[in-house]
Structures are given as structure tokens and as C-alpha cells.
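Survey of secondary and tertiary structure
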Amino acid sequence: MSRVTLLGFPRIGRRRELKTALESHWSGDLDAAGLLEAARALRRNHWQLQRDAGADVVAANDFSLYDHVLDTAWLFGALPHVHLESASSDPLAAYFASARGGSGRRALEMTKWFDTNYHYLVPELRRGQAFALHGDKPVAEFREALAAGFAARPVLLGPVSFLLLAKTVDGSPALDLVDDLVAAYADLLARLHEAGAEWVQLDEPCLVLDLDDRTRAAYRRAYDALASAKGPKRLLTSYFGALGDQLPLATTLPVDGLHVDLVRAPQQFDAVLRDLPDDRTLSLGLVDGRNVWRADLREALALARRAVEQRGEDACWLAPSCSLLHVPIDSAGETTLEPAIRDSLAFARQKIEELRVLADALDGDDAALAAVEAPRIARATSALGRADVRDRLAAVTPDMLDRRSPYALRRARQHTALDLPLFPTTTIGSFPQTEEVRKARAAHRAGRLTAADYRRFLEEQTRRAVREQEELGIDVLVHGEFERNDMVEYFGEQLDGFAFTKQGWVQSYGSRCVKPPIIHADVARRRPMTVEWSCYAQGLTPRPMKGMLTGPVTILQWSFVRDDQPRSETCRQIALALRDEVLDLEASGIRVIQIDEPALREGLPLRSADRATYLGWAVDCFRLAAAGVRDETQVHTHMCYAEFNDIIEAVAAMDADVVSIETSRSRMELLDAFVGYRYPNAIGPGVYDIHSPHVPASADMLALLRKARAHLDPAQLWVNPDCGLKTRGWPEVRAALAAMVVAARELRAIERAA
Ligand SMILES: CN1c2c(nc(N)[nH]c2=O)NC[C@@H]1CNc1ccc(C(=O)N[C@@H](CCC(=O)N[C@@H](CCC(=O)N[C@@H](CCC(=O)O)C(=O)O)C(=O)O)C(=O)O)cc1
Ligand SMILES: N[C@@H](CCS)C(=O)O
Ligand SMILES: [Zn+2]
């Protein structure tokens, strides 16, 4: 019998039950026992759902109260002392403090999980770091699954990927710690074995990256050591790309099975079949864990058949390409979607059903195959293209990607036009999306608040935000983004070619979720999307009001994208729609326009060989959106939660007049890339972390600014937070921005005195 085995499932819940429980706990309305009970209920429901959909084996320990990398750090005691020390009195509070900050403790840095929109917390290690098992989460969750009657495979982030994803605070090589860490993993494997686990899944996604010999040697040391330890059979999982030059390593490490991603990297199939020793189980990643379209089951079946013919049925498992963490749970409830679109979607549940259909077909029963395939085939033959969009794109000329004058000239013209002080202060765009704001939007959507009343409500919010900023003394203002549910979904809702779900939630970090829109056809702008709100806000103040747009690459990256044409083509369509918006904003009197591209780095291919092509079209798309304006119009962009060192040239090539970047959690480390590169345009390095409720002291911000000033020309430096303020409350925002303005003023005074 062919077996469907799964690598991991979304944790947040179809109706975001985990979010509700977490946020009630954090606000003091739900005690620890209540939170843990809600988590248990979710795990059980999810295991049941996976089994009902056709899974033979589900994952255990794929659940996390916040993040699985953070869980791994806690599991092995790999945290700064300040967090570990507080764990003895209240482990749950200490865990959340390490994720979110609080009680005087700093949160760990957060960054993107490979090329996804999921953020993990970056473990902080140091030379001589000790590792030991703290608690037994993987064992307990495995026992829980067993007790509830589910055949489960515990999943662990593998030791080498853990080290590669961590950072060392003293700059020592994290891989030096591999022997000690593996000893702790060996203890854990022994305990899983005692608990009855037949297999354990060791996730090593770093195997699809470019690795040096030292890292390959660390893999060998680690897995040799684990092979000699007593434990369950080991499934080594790679995903998000091809093993490529790591194939010889992956197929010879002493493990019992290997999982490969055949959706992102079908080209590796022949080599894997050829090189994987016969005594290994092969887990075939056949349906896409990163996108929502139905799989081509005939193609998947052909691959599975070849694997089975060669290796035998028992040695081949059918699986999604990666954990299902990155897709929503169930498309069945999406009753408001056009049926043709809905039927061609596969969320987590439908993906498991697809795998069941494949397994049954492999076992000789292909009765369900045709029905499951029909909507995909119908979509493939329907007309998704628009001649007007294609014609306009064909007419794009290279000069449309260039600003009229070089930066130095633009800077002088903008200086005259905007008359800003040295070290201008600004914010990144959003102000608190309070419960009141979300409730009003929900009421409007449900028809309980008329369009006129909703508009009046948003006007009042915007008026208040403008007044607050003026009172705080901020130089370049924002309207606050109160009318937006999300910075991508909001634009998608106004563009042709996009569809929306009601419950298509995907975890972004902790309790925060996004509902990625679905790009299913050619993209075009129906009418101006942001001009009214920007103009309304500009009309309230003589200070410059930033027009606020999400950039083409970020809209692409944070959507589920059609798979019938290159992503670059879809991105160009979005860029052209945004160019129209930029020009409309300018024509309406908006003098500063911010085009956010926080996902530009996230979209970077995992292998360096693929990067230049991506960066080429991604930067061109930004420029196509931005470059039509006059010299006097100042273009900003914003990026957050990523390392920029490896894309600094591309950031410079975007040629934004000002770039604001997240830097505070890393104490301005991220600025090094800009300094080293001699980045020519202006920069706003974030001076405080907006993910923490902690209000920063102005002295701390001044210290960061002085660090930045030491390396930059004074005319280059802007003062702003790390990112938008939508997740914060007004009292914190007010206090933090007041302190930020004080820091900027002090910096100006220091500059004048020098
Ligand atoms: C900047 N970031 C973003 C990323 N990706 C995006 N697509 N968008 C981003 O902004 N990636 C990187 C970072 C990640 N950061 C964040 C920060 C904050 C959130 C967040 O707060 N998400 C919200 C959901 C946002 C949203 O869609 N809100 C809707 C409300 C939807 C809702 O909850 N409706 C309820 C009913 C409401 C009620 O009755 O009160 C329902 O449907 O049940 C809106 O405002 O209308 C979150 O709550 O998690 C995400 C990423
Ligand atoms: N303008 C957006 C950027 C977030 S990355 C905001 O302020 O929320
Ligand atoms: Zn941001």
C-alpha cells in the first residue's frame, strides 16, 4: 500500500484559534492552562483533519506556540542567559519574552525563513555555548499524538540547519558548536525512541543552499554522530529547492530516508533515483507546499510510478514538497470565490486529498483521478490574458526605467522643494490598527456600517494621526493606512486579476497572519487606488505627506501567484499598474511617494547562480513603477526583516531617493552593508524595534543614530522606526515617537556644535 506522509501542518487554525488564544493570554484574559488546552485541542483537530483527508502519517512537534526555530533554541538551552534565568520561575512567560521582548528583556531578532513570508526568531549563540535538553516538547507531543491514536513522525529542525540559521554574538563560527549540539540531539533521539517513535524527521532545508566544504564536513560529522546514537529511523528532509551539488552529500549521509522537493526541483528526480542507496526510503515531495494551485496529478503519478518501479512501494512515500505551514488550511469554505477559481485551488486539506488520490492510483484505483484533475485542466485552457495589458507592456521602453536626472541633481531640487531639516524624521506608514479600526472595517464589510459612516470614521482616524504627528514634530508625515486591511491585500482588492479568500490565513510570525491574495489572471488597475486618501491627508497639513504604495515585487511575493507564466511577467504587469498610481499621486500634489519593497530580499533565489536574473527583473520592476516622476518628487522605499549585505548593489540600483531599513534589533549591523558599499542616496536606518511593546529611550536611539552618523554623510541620514506601527497601541507609539524626535533634535544639536 502506498503511503501518504506529511512534513508539517499549519498551526494557527482555520479560524486563527491559536491567534485568539495567544492574544487573550498576552492580554491577561486567558491563563497558561487555558492557552495550553487551546493548543492541545488545535493539535488534535489538525491531526484528525489530516487523517480524514487521507494522510497515513502526520507530523508531531510541527506545532509551536510562536516559532519552531525558537522552540529548538529553548529545547537545547540555546538562549541568552537573561532569558534562561527567568525560565525557572515562569517558563511560558520567559519563552514569550524571548520572542516579543518585555520585562526589561530584549526580543531575539526576527528574520525571514528562507524565501517565505514566515519569520523565525534568530537564536543567539556564543563560543563555548553549552547545549542540553530543556524540557521534552517533541517527546510530549509525539506521546500526545500516539495517545490520541495517530501514527505520527516527530519533526525536528536538524542540527546543522539550526546552527546555520542562528547567529553568534561574538562572531565565532556557529558550526564549531556542532559536536556539543549533536550530543544533545542524540539524547533527544534516545528519548523519542523510548517513547516509541519509529521515525524522526530531521529538517535540513539548508541542504538546498550553496554550501562550502566546512559546512558539508559539519553535516557529515553531525549525521555520523547521530547514526551511532540509539534512536528512531532518521528521515533527512530537504525542501525549497534542489539538492544540486549537495546531492552526493545528502545521498551518502548515514540516514534511513531522504525527502526531496520535486515541485521546485523536478530536475533532480533522475539523479536522486540514481544515487540514493537502495536501503533508503525516498519521500517524494510531489504537491506544492508553497502555492495553492491544484497539482498536475498525472505528472506526479508518472514520477511516483517510476520511483516505485525502481525502489518498491514500501520504500517510496508520497508527500507535499515541504511543510504545509505556508498555505491556508481548507479552500472548501471559500464560498464567495468564483467557482472556477475555487475549484482550481488546493489548500492544505486539498493537497493531502490529492496525495491520497495519487496513492490510490498507484495502488491501482484511479477512479478519483479525473474528477480531481478537471478544474486544473479547465483553468489551463481558459483565457487569462488581456490584450490591453500585453500591449502596454510591449510598449515599455528602457528610458521609462530611469529617473530624469541623476541623484545628486534630484537631491538638490528636492532640498529646495521640500525644505526639510537635517536628519528629517518620518515613520514608515501605518499607525495602530486598533480593535476599533478593525471592528469598523468588519462592520462595514458586514453591512452594519454604511460606506459614508465608514469613510467618516477613517477620516477621523486620519485627522487624528496627522494631528498627532504634527504635535510630535515629525517632518514628513504619513496618513496612517487606516483604510487598509493589509499592505498587499488592499492593493490586490483594487486590481483586476486578483482573487480573495475569506479564511485563507497563513502565519507570518507569532500570532500575526496574512491572507495572501491570489493572482489568477492578467493584472490591471481599474482606477486610482490611494490618491483620495493621500490627498485627503495632505489637505490637513502643510508638511509633506508621503503617498504610500506597496511595490510590485512585494505584491508578487506576498500573493499566491499564477503558475502559467513567469513570475517576472506577472511582476511587470503589477509594476505598470503602480506606475500609473505613482503618476496620479504626483499629479495630485503629493511630493513624497514611498514604494515599500520589504519582500525584495525575501524573493532572492536561494542559490547564488539564480540571483542576478531575479535581481535584474525585480529592480527593473521597481524602477518601472517609480521612475516616471519629476526630479522634485522624492521617492522613498522601505525594507525590513532581512539581511541586505548580499543585495546592496540591487538596492542601490533601485535608485530610490531615500531607503528606510530595519536595523535596530541588530544594533545597526545591517547598516554595514550600506556603509561598506558607499551607498550614495539617503538612508533611514530604523532606530527602534516596532515589534516590541517596549518604549525605547531617546538616549538609546541617539546612540544608534550617532553610530550611523559616524559612517554616513549628514545629508544622507533620516530618522525613523524600523517598520510600520500597525501592531502597536497609541500610547506606546506616542511615547516612542516623542523620544525619537528628541533623539533627532539632539543629533542636530551635536551636528551644529561640531
Ligand atoms: C509588514 N509585514 C507584512 C507581511 N506580509 C503582508 N502580507 N503584510 C504585511 O504587513 N510580511 C512581513 C511583515 C509581517 N508583519 C505583519 C504585521 C502585522 C500583521 C497583522 O496584524 N495581521 C493581522 C491581519 C490583517 C488583516 O487582514 N486584518 C483584517 C481583519 C481581518 C480579521 O481579523 N477579521 C476578523 C473579523 C474582525 C473583527 O470582527 O474584529 C475575521 O475575519 O474573523 C482587517 O484589518 O480588516 C492579524 O490579525 O494577524 C501581519 C503581518
Ligand atoms: N508601509 C507599511 C510597510 C510595512 S513593511 C507599514 O507601515 O506598515
Ligand atoms: Zn516594514
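None of these values were measured; they are calculated from a predicted model. (Residues numbered from 1 in each chain as written. Chains lettered and ligands numbered in written order. Predicted model: local features only at pLDDT ≥ 70, side-chain atom pairs only at ≥ 80, totals over all residues.)

This paragraph deals with the overall build of the protein chain. Counting secondary structure elements, the protein chain contains 28 helices and 22 strands. Taken over C-alpha atoms, the radius of gyration comes to 26 Å for the protein chain, in line with the 27 Å a tight globule of 754 residues would show. Across the 754 residues of the protein chain, 52% fall into the buried class. Once local pairs closer than 6 in sequence are excluded, the contacts in the protein chain between residues at least 24 apart make up 78%. (Helix = DSSP H or I, 4+ residues; strand = E, 2+ residues; numbered from the N terminus. Rg over C-alpha atoms; globule rule 2.2 N^0.38 Å. Buried ≥ 20, exposed ≤ 12 C-beta atoms within 10 Å, placed from the backbone. Contact = placed C-beta atoms within 7 Å.)

Ligand 2 sits among Ile428, Gly429, Ser430, Met487, Met548, Asp596, Pro598, His638, Cys640, Cys723, Gly724 and Lys726. Tallied by class, residues from the shell around ligand 2 come to six nonpolar, four polar and two charged. (Near = placed C-beta within 6 Å. Nonpolar A, V, L, I, M, F, W, Y, C, P; charged D, E, K, R; others polar.)

Turning our attention to the site of ligand 1. If you check the shell around ligand 1, you find 19 residues, and the closest are Ala442, Asn485, Arg512, Cys513 and Val514. Sorting the residues of the shell around ligand 1 by element identifies helix 18 (435–445) and strand 15 (512–514) as the ones contributing at least two each. Here the shell around ligand 1 takes four residues from helix 18, the largest share from any one element. Class assignment of the residues belonging to the shell around ligand 1 gives a composition of seven nonpolar, five polar and seven charged.

A separate point is the sheet that holds strand 18 (residues 560–561). Judged by pairing direction, the sheet is mixed, and its three strands sit side by side in the order 13-16-18 without closing on themselves. Looking along the sheet, the strands with just one partner apiece sit at the ends: strand 13 (495–499) and strand 18. For strand 16 (residues 518–525) and strand 18, the ladder comprises two bridges, and the chain directions are parallel. Among the inter-strand pairings, Ile519 is bridged to a residue of strand 18, identified as Val561. Of the strands in this sheet, strand 13, strand 16 and strand 18 are in contact with helix 23 (residues 567–587), which crosses strand 16 at around 35°. (Pairing = 2+ DSSP bridges. Axes fitted to C-alpha atoms, helices over the stretch in contact; angles between N-to-C directions.)

If you walk across this open sheet you meet the eight strands as 1-12-11-10-9-8-6-2, and the pairing is parallel. Two strands close off the open sheet at either side, each with one partner strand: strand 1 (3–4) and strand 2 (58–60). As judged from the five bridges shared by strand 10 (residues 257–261) and strand 11 (residues 281–287), these two strands associate in the parallel manner. Residue Gly257 lies in a different strand from strand 11, and its bridge partner there is Thr281.

Once that is clear, we can look at the domain arrangement of the protein chain. Once the domains are mapped, the protein chain shows domain 1 (3–79 + 128–381) and domain 2 (392–753). At the interface, 31 residues of domain 1 touch 20 residues of domain 2. Examining the composition of the side of domain 1 that touches domain 2, we find that three residues originate from one element, helix 1 (residues 17–26), more than from any other. The class makeup of the residues in the side of domain 1 that touches domain 2 is 15 nonpolar, six polar and 10 charged. (Domains from an automatic or database assignment.)

Another point: the pairing of strand 22 (residues 682–685). Neither face of strand 22 is exposed, since Ala682 and Gly684 on one face and Ile683 and Pro685 on the opposite face are all buried. Direction of pairing for strand 21 (residues 658–661) relative to strand 22: parallel, over a ladder of four bridges. Following the sheet pairing, Val659 is matched in strand 22 by Ile683.

Running from N to C, helix 6 (residues 137–147) and helix 8 (residues 178–195) cross one another at 15°; their axes reach a closest spacing of 9 Å. By the angle class used here, helix 6 and helix 8 are roughly parallel. Here the hand of the crossing between helix 6 and helix 8 comes out right-handed. Counting all contacts with helix 6, which are made through Pro138, Val139, Phe142 and Arg143, the residues of helix 8 involved are Leu188, Arg191, Leu192 and Ala195. (Parallel < 35°, antiparallel > 145°, perpendicular 65-115°, else oblique. Left-handed = near helix turned anticlockwise from the far one by under 90°.)

The contact between helix 8 and helix 9 (residues 213–227) brings their axes to 9 Å, and the two run at 30°. Overall, the two elements helix 8 and helix 9 adopt an arrangement that is roughly parallel. Considering only the axes of helix 8 and helix 9, their crossing is right-handed. Taken together, the residues of helix 9 that come into contact with helix 8 (itself represented by Val178, Asp179, Val182, Tyr185, Ala186 and Leu189) are Ala218, Arg221, Ala222, Ala225 and Leu226.

What follows is about the UniProt feature "domain: Cobalamin-independent methionine synthase MetE N-terminal" (unreviewed entry) in the protein chain. Here, UniProt's "domain: Cobalamin-independent methionine synthase MetE N-terminal" (unreviewed entry) annotation points to residues 5–307. Helix makes up 44% of residues 5–307 and strand 14%. Its end C-alpha atoms lie 16 Å apart. (UniProt positions renumbered as here; feature names shortened; annotations may be inferred.)

Here, UniProt's "binding site: Zn(2+) 2" (unreviewed entry) annotation points to Glu662. Mapped onto the elements of the fold, Glu662 is located in the loop between strand 21 and helix 26 (671–677). Given 26 C-beta atoms within a 10 Å radius, Glu662 is considered buried.

Turning our eyes to something else, we now look at the environment of Arg290. For Arg290, the location among the structural elements is in the loop between strand 11 and helix 12 (297–311). Assessed through the 21 C-beta atoms surrounding it within 10 Å, Arg290 is described here as buried. Each residue touching Arg290, except ones within four places of it in the same chain, is listed here: Ser321, Cys322 and His326.

It is worth spelling out helix 14 (residues 348–362) at this point. The terminal C-alpha atoms of helix 14, which comprises 15 residues, lie 21 Å apart, in line with the 21 Å expected from a rise of 1.5 Å per residue. Helix 14 sits mainly inside the fold: 12 of its 15 residues count as buried. Those residues of helix 14 that sit buried are Ala348, Arg349, Gln350, Lys351, Ile352, Glu354, Leu355, Val357, Leu358, Ala359, Ala361 and Leu362. In this structure, the buried side of helix 14 is in contact with strand 1, helix 2 (32–53), strand 11, helix 12, strand 12 (316–320) and helix 15 (369–381). (Expected span 1.5 Å × (residues − 1).)

The next thing to look at is the environment of Tyr641. Tracing the chain through its elements places Tyr641 in the loop between strand 20 (634–639) and helix 25 (648–654). A tally of 21 C-beta atoms within 10 Å means that Tyr641 is categorised as buried. In this structure the C-alpha to C-alpha distance between Tyr641 and Pro685, which are 44 residues apart in sequence, comes to 12 Å. When residues no more than four places from it in sequence are discounted, the contact partners of Tyr641 are Met110, Thr111, Lys112, His119, Pro598 and Glu662.

Another point: the nonpolar core. Within the largest apolar cluster, 226 residues are counted, with the highest numbers of intra-cluster contacts made by Leu284, Leu286, Ala304, Leu318, Leu358, Met740 and Ala743. Structurally, this core is a two-domain feature, drawing no fewer than three residues from each of domain 1 (3–79 + 128–381) and domain 2 (392–753). In terms of nonpolar packing, the next biggest core, distinct from the first, is built from five residues, Val437, Phe457, Leu458 and Phe482 among them. (Core = buried A, V, L, I, M, F, W, Y, C linked by C-beta atoms within 7 Å.)

At Phe423, a residue that is not glycine, the phi angle is positive and equals roughly 50°. As for its placement among the helices and strands, Phe423 is situated in the loop between helix 17 (407–418) and helix 18. Positive phi is not limited to glycine here, since Glu481 has a value of about 60°. With respect to the secondary-structure elements, Glu481 resides in the loop between helix 19 (451–472) and helix 20 (489–494). Given 25 C-beta atoms within 10 Å, Glu481 falls into the buried group.

The subject of this paragraph is the confidence of the model for the protein chain. Detailed conclusions should not be drawn from predicted coordinates in areas where pLDDT is low. Per-residue confidence for the protein chain averages 96 on the pLDDT scale, and 100% of its residues sit at or above 70. Both scores are available for the predicted complex, with the pTM at 0.96 and the ipTM at 0.96. (pLDDT = per-residue confidence, 0-100.)

Relative to the assigned elements, Arg51 resides in helix 2. Look at Arg51 and you get partly exposed, because 18 C-beta atoms sit within 10 Å. As a C-alpha pair, Arg51 and Leu209 span 158 residues in sequence and 33 Å in three-dimensional space.

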